[in-house]
Amino acid sequence: MSSAFTPRVFSGIQPSGGLTLGNYLGAIKRFVDMQADDFETIYCMVDLHAITVWQDPEVLRRNTRELCAGFIASGIDPEKSILFNQSQVPEHAQLGWIFNTVARMGWLNRMTQFKDKAGKNRENASVGLFAYPALMAADILIYHATHVPVGEDQKQHLELTRDIAAKFNHDYGVDFFPITEPVIEGAATRVMSLRDGSKKMSKSDPSDMSRINMTDDADMIAQKIRKARTDPDALPSEIKGLDDRPEARNLVNIYAGFADLSPEQVLAEVGGKQFSEFKPMLADQAVAKLAPISIEMARLMEDTSEIDRILHRGAERARAVAAPILKQTYDIVGMVS
Ligand code: AQP
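Rules behind the numbers
- Residues numbered from 1 in each chain as written.
- Predicted model: local features only at pLDDT ≥ 70, side-chain atom pairs only at ≥ 80, totals over all residues.
- Heavy atoms only, no water.
- 1 Å grid on protein atoms, 1.4 Å probe; cavity = no way out; pocket = protein on both sides within 12 Å on 5 of 7 lines; lining within 4 Å.
- Points joined across faces, edges and corners; volume = space filled by probe spheres on them.
- Helix = DSSP H or I, 4+ residues; strand = E, 2+ residues; numbered from the N terminus.
- Nonpolar A, V, L, I, M, F, W, Y, C, P; charged D, E, K, R; others polar.
- Near = heavy atom within 4 Å.
- Polar contact = N/O pair within 3.5 Å; in protein donor to acceptor, adjacent residues only side chain to side chain.
- Areas by Shrake-Rupley, 256 points an atom, 1.4 Å probe, with all protein chains shown as cover.
- Sits in = over half its atoms within 2 Å of the grid points.
- Core = buried A, V, L, I, M, F, W, Y, C linked by side-chain atoms within 4.5 Å.
- Buried < 20%, exposed > 50% of the residue type's maximum accessible area, 1.4 Å probe, protein only.
- Contact = heavy atoms within 4.5 Å.
- Phe/Tyr/Trp six-rings, centres within 6.5 Å; stacked < 30°, edge-to-face > 60°.
- Pairing = 2+ DSSP bridges.
- Right-handed = clockwise from strand over helix to strand, strands pointing away.

Looking at this structure, how should I read empty space enclosed by the protein?
Any space left empty among the atoms is revealed by the rolling of a water-sized probe across them. The full count for this structure, using the stated rule, is one cavity of 30 Å³ or more. In this structure, the largest cavity spans a volume of roughly 40 Å³. Together, M111, Q113, F114, L129, Y132, P133 and H157 line the largest cavity. For the lining of the largest cavity, the secondary structure elements donating two or more residues are α6 (112-118) and α7 (127-141). Here the lining of the largest cavity gets three residues from one element, more than from any other, and that element is α7. Its residues assigned to classes, the lining of the largest cavity comprises five nonpolar, two polar and no charged.

Structure (structure tokens):
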């Protein structure tokens, strides 16, 4: 990557439902860590992405505000980081259109998230769902972001973002967009469903028992962990012992994510224990970390005017970065202004 670019972090989350433990460990917790490092940090509620699958307008409004509350309650400081919702910075959609002309059909056809989300009824999926990764590339590159913290499921979209930047630079003979670094780190980059260790934990899974929601109270968190699917064996002491045990591996990874340990370190501590002993330990960790966040989220949601003010101010700050980059892009492409 060219060193001409200022280190800048961008990432987003869809307000397509309530936040899950997957979003927390895979994304938000790491957003907070990067805020403390020497980066400019820009975090976004990607509402334009959310509507690629139909959303009830009232629910979308509530989810956007609740997501903002989740960011703040988890430790994102709206003074330090730029926090806003995507639709209020029109440069995202404008650059997204340019990238629709750069991305190739063949590239988008390979995206596994589209295949998973469109399911068998692909003919009936929205065009937006198909074009989603080009808009995601625009979300990142409209800020010349150099680092993007995400969960494992977004790896392919970030590779596409790099391909789009490289093709744009090549087609127009410039070195304008950075080749962004994905930051996929830690033990919990892919938190799995509590009911099925082969499926990603997701906000849109029909089973509420499959996930921990950031708004769940302490009793609910403990109950979901108690009922999480496992196997009858004790936990191994070595990581190899988790091979072919996806549910056991998932709970170990979640514990490691909360405790800021590696899975190896967790197994050194809990190897030999039965799940009847390990699950309460995990529940204690989860409740200690998540319950204060959910209480703070509820408090922030009591006065949404303060959230709206934060989003409005965040959008202004974001536009100040995005507008000159869009203008330069238009100049490069040949738009008369
Ligand atoms: N299970 C997960 N484990 C680790 N990271 C995860 N992320 C999501 N689920 C997990 C990360 O959270 C960020 C925001 O994701 P998103 O909400 O924008 O989209 P998604 O990945 O499609 O999340 P969901 O929960 O599965 O949403 P729905 O159900 O609406 O499709 C990303 O960094 C993602 O990697």
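Even after reading the chapter, I still don't get the site of the ligand, so can you show me in this structure?
Not every one of the 22 residues close to the ligand is listed here, only the nearest: K117, D153, S202, K203 and S204. One of the side-chain nitrogen or oxygen atoms of S16 is found 2.8 Å away from an oxygen atom of the ligand. K117 is positioned such that a nitrogen or oxygen atom in its side chain is 2.5 Å from an oxygen atom of the ligand. Alone, the ligand offers 640 Å² of accessible surface; in the complex the protein occludes 96% of this. Of all the cavities here, the one that holds the ligand is the largest pocket. When residues of the shell around the ligand are traced back to their parent elements, those giving at least two are β1 (8-13) and α1 (21-36). Top element by residues in the shell around the ligand is α1. It accounts for four residues. When grouped by side-chain class, the residues that make up the shell around the ligand number six nonpolar, 11 polar and five charged.

Hey, could you run me through the nonpolar core in this one?
In summary, soluble globular proteins display a tendency toward joint burial of nonpolar side chains. Counting 56 residues, the largest nonpolar core has L21, F71, L83 and I254 as its most contacted members. With 10 residues, the single largest contributor to this core is helix α12 (residues 275-301). Among residues more than four places away in sequence, those in contact with I254 are L21, L25, V191, L194 and L282. Of all hydrophobic cores here, the second largest spans 44 residues; its members include F84, F99, L108 and L160.

How do you make sense of the packing of aromatic side chains when you look at a structure like this?
The description of an aromatic ring pair rests on the distance of the ring centres and on the angle between the ring planes. Tallied over the entire structure, the rule returns 13 aromatic pairs. When the centroid spacing of 4.5 Å and the interplanar angle of 10° are considered together, the rings of F31 and Y43 count as stacked. Of this pair, F31 sits in helix α1 while Y43 sits in strand β2 (residues 40-45), and the two are 12 residues apart along the sequence. Owing to a relative accessible area of 0%, F31 belongs among the buried residues under this scheme.

Looking at this structure, I do not really get the pairing of β1. What am I missing?
Within a regular strand, side chains alternate between the sheet's two faces. Counting buried positions along β1 gives five out of six residues, so the element sits mostly inside the fold. Both β1 and β2 contribute to a ladder of six bridges, which runs parallel. Residue pairing for β2: F10 is matched across the bridge by I42. In this view, the connection linking β1 to its parallel neighbour β2 by way of α1 has right-handed handedness.

Before we go on, may I ask you to explain the layout of surface pockets in this structure?
Here the largest pocket is characterised by a volume of approximately 1300 Å³. What lines the largest pocket is a set of 50 residues, and nearest its centre among them are Q113, K117, D153, Q154 and K200. Secondary structure elements with two or more residues in the lining of the largest pocket: β1, α1, α2 (47-50), α6, α7, β4 (147-149) and α8 (155-172). Taken together, the residues of the lining of the largest pocket break down into 18 nonpolar, 21 polar and 11 charged. Of the voids in this model, the second largest pocket is the one considered here, and its volume is about 190 Å³. Around the second largest pocket, the lining residues are L48, H49, T52, A93, G96, W97, N100, G128, A131, Y132 and L135. Looking at the lining of the second largest pocket, the elements that each hand over two or more residues are α2, α4 (91-102) and α7. Broken down by class, the residue content of the lining of the second largest pocket amounts to six nonpolar, five polar and no charged.

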